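Notes for the structure review
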Amino acid sequence: VQYDVSKDPNNGQKTLRGILSRELLATDTAFTWMHTNISWYKPNADCVNNLTAVKDSIHLLVFIGTWCEDSQIILPQLLKMLDQIKFPPEHLTLIGIDRKKQSLGSLSHALGITKAPTIMVTKNGKEIGRVEEFGKYGLYDKELAEILLK
């Protein structure tokens, strides 16, 4: 895993940029939000069905800000849903970005990332859609369900 560490200039929170692992986020004591009780979260049924149908043929690139409240809410929910459907871990890539939406190298710039989190869905190496922050409905998993139908 290749990443760097800094502090967010606005809130002082630990900021990781680069390719991140779930284990890193789960074991770092700075990211208590990874352990928030989200037993109330019930993933969108269409999203679960559509993800289950295509889980072996898609990849998810998830750009998160460890400093970002939206990322801190959405990422644990997304991971819960992925676990529920036994999504292949090798089909998920977590990429940390800073407040300027920069990662290491120019990956986030090359892919036009402007919001955190951004869930990018790719199939055969091509982007088929993305959900930015909570999405157009305010429910990231509802918009993700639509993208998965493509």
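Our structure's up above, just so we're on the same page.
Small disclaimer: the values here were computed from a predicted structure and weren't measured. (Residues numbered from 1 in each chain as written. Predicted model: local features only at pLDDT ≥ 70, side-chain atom pairs only at ≥ 80, totals over all residues. Heavy atoms only, no water.)

With respect to the pairing of strand E2 (residues 14-20)
Quick reminder of the rule: Paired strands, as defined in this entry, are two strands with at least two bridges between them according to DSSP. Secondary structure elements follow DSSP: runs of H or I no shorter than four residues count as helices, runs of E no shorter than two count as strands, and numbering proceeds from the N terminus.
One ladder, built from five bridges, connects strand E1 (residues 3-7) with E2; its direction is antiparallel. Each bridged residue has a counterpart across the sheet, and for Ser6 the counterpart in E2 is Thr15. The antiparallel hairpin formed by E1 and E2 contains six residues in its connecting segment, where Gly12 sits at a positive phi of about 75°. In the sheet, E2 pairs with strand E4 (residues 92-96) via three bridges, with the strands oriented antiparallel. Residue pairing for E4: Ile19 is matched across the bridge by Ile95.

Section: the pairing of strand E5 (residues 118-123)
Quick reminder of the rule: With a 1.4 Å probe rolled over the protein chains alone, any residue whose accessible area is under 20% of its type maximum counts as buried; one over 50% counts as exposed, and the rest are partly exposed.
Burial of E5 is extensive: five of the six residues sit out of reach of the surface. As paired elements, strand E3 (residues 58-64) and E5 share six bridges and run antiparallel to each other. Pairing of Phe63 across the sheet is with Thr118, part of E5. Note that E5 and strand E6 (residues 126-132) share six bridges and pair antiparallel. By the bridge assignment, Ile119 is partnered in E6 with Val131. Linking E5 back to E6 in an antiparallel pair, the connection comprises two residues, with Asn124 at a positive phi of about 50°.

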